[in-house]
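As a plain string of letters, each chain reads:
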Amino acid sequence: MIKITSTSGYMKMDFWILSYILQLGTMEFCQRFLDMRVDPKGRWLDQMTQAARSITENIAEGASRHQTSRETEMKLLDVARASANELAGDFMFWLSLKGELCWSRHDPAYNAVRQLRLDPAYYDDDELIVREAMRHALQQKSRFDHWLKADDVTAANALLVLTGRVIKMIEAQLQGLLEQFREEGGFTENMTQERLAALKQKATAEGAPTCPKCGAPMRKRMIKKGTHQGEEFWGCTEYPRCDGTRRL
């Protein structure tokens, strides 16, 4: 039976926590370095902070649709991925503006930021999960502050690496959801199965005959068109897989 439960579990997932750290780091970067001289109208700051926010918010919104629409969840995650790519472009441009290249794969700082793994999220059951998630995210961010609170080139490089990590994690989540959808179907498909199961249970309880073709319970149906329009008949509950019928 389909059951709608809490969707706040995403706050324990690494790719949401890392995106939250990325949002915090992006906001700090913009507040420190996007001054009136380089961003007189504040448009760059607005675009970067909104892109960073879009990542976390679309992950959260997608998670809230997990039980009712896998298709919508995947679309929202794809929006989060697009926002992350947009944000990466901003950090690339900042480095280019400074005449710098991003870290190479052989740079110790690149590998340190890329390989730093988050601690598992164990939340206190007696506390609000939102409070615990905030506490955990801030604790994990502090582990990256060595780079995030450094000069603008170091911070931009670190945030670019974090953005790349988030993109990879979103892509992995999307792939997993796609495979899950192929195997289990979505909410609409499962609702159809729930309805058919209820119809079979009701037909059996009411003593309906069994289908002459497949043996499944039958239910009363009505002819919708033709010369016999309006007449009732017994139809197989497995329709359209089975078109067995009986006369009333």
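Position numbers for residues count from 1 along each chain, tracking the sequence in the order it is written. Restriction of local features to residues with pLDDT of at least 70 applies here, the model being predicted, together with a cutoff of 80 or more for giving and counting side-chain atom pairs; totals for whole chains, interfaces and linings are based on all residues. No hydrogens and no water enter the side-chain calculation; it runs on all heavy atoms of the structure.

### Structural notes on the overall build of the chain
On a plain count of helices and strands, the chain comes out with eight helices and three strands. Helix and strand definitions here come from DSSP, where helices need a minimum of 4 consecutive H or I residues and strands a minimum of 2 consecutive E residues; each element is numbered from the N-terminal end. Going from the N terminus to the C terminus, the chain shows its helices and strands as α-α-α-α-α-α-α-α-β-β-β. Burial classes follow relative accessibility: with a 1.4 Å probe on protein chains only, a residue under 20% of its type's maximum area counts as buried, one over 50% as exposed, and anything between as partly exposed. Relative to its 248 residues, the chain shows a buried fraction of 40%. Per-residue and other accessible areas follow the Shrake-Rupley method at a 1.4 Å probe size, with only the shown protein chains counted as cover for residues. Summing over all exposed atoms, the chain offers an accessible surface of approximately 15,100 Å²; the carbon and sulfur share of this is 51%.

### Section: the pattern of salt bridges
Each reported salt bridge corresponds to a side-chain nitrogen of Lys or Arg within 4 Å of a carboxyl oxygen of Asp or Glu. As enumerated under the stated definition, the model contains nine salt bridges in all. Residue Lys141 pairs with Glu28 through a salt bridge whose shortest N-O separation is 3.1 Å. With Lys141 in helix 5 (residues 129-142) and Glu28 in helix 1 (residues 14-33), this residue pair connects regions lying 113 residues apart in the sequence. Judged by its relative accessible area of 4%, Lys141 is buried. With a shortest N-O distance of 3.6 Å, Glu28 and Lys149 are connected by a salt bridge. Residue Glu28 is located in helix 1, and its partner Lys149 is located in the loop between helix 6 (145-148) and helix 7 (152-184); the two are separated by 121 residues in the primary sequence. What emerges from the salt-bridge pattern is a single network uniting Glu28, Lys141, Asp145 and Lys149.

### What to know about the packing of helix 1 against helix 3 (residues 70-97)
Angle between the axes and distance between the axes: these two values describe a pair of packed helices. At a closest axis distance of 13 Å, the pairing of helix 1 and helix 3 adopts a crossing angle of 35°. Our pair here, helix 1 against helix 3, has a crossing hand that is left-handed. Contacts between helix 1 and helix 3 involve Phe15, Leu22, Thr26, Phe29 and Phe33 from the first element and Leu77, Leu87, Phe91 and Trp94 from the second. Taken together, the residues of the contact of helix 1 with helix 3 sort by class into eight nonpolar, one polar and no charged. Structural elements are reduced to axes, namely lines fitted to C-alpha atoms, with helices fitted over the stretch in contact, and the angle between N-to-C directions of any two is expressed from 0 to 180 degrees. Less than a right angle of anticlockwise turn of the near helix away from the far helix marks a crossing as left-handed, whereas a clockwise turn marks it as right-handed. Note on contacts: a residue pair qualifies if any of its non-hydrogen atoms lie within 4.5 Å across the two residues. Gly is placed with the polar residues, together with every amino acid not listed as nonpolar (Ala, Val, Leu, Ile, Met, Phe, Trp, Tyr, Cys and Pro) or charged (Asp, Glu, Lys and Arg).

### Focus on helix 5
When the terminal C-alpha atoms of helix 5 are compared, their 20 Å separation across 14 residues agrees well with the 20 Å that a helix rising 1.5 Å per residue should span. Taken together, the buried positions of helix 5 are Glu132, Ala133, His136, Ala137, Gln140 and Lys141. Projected down its long axis, helix 5 carries its buried residues within an arc of 165°, all on one side. Here the buried face of helix 5 lies against helix 1 and helix 6. By definition here, a helix of n residues has an expected span of 1.5 Å times n minus one. The arc in question is traced by the directions running from the helix axis to the C-beta atoms.

Purely geometric stuff here, so don't read any function into it on its own.
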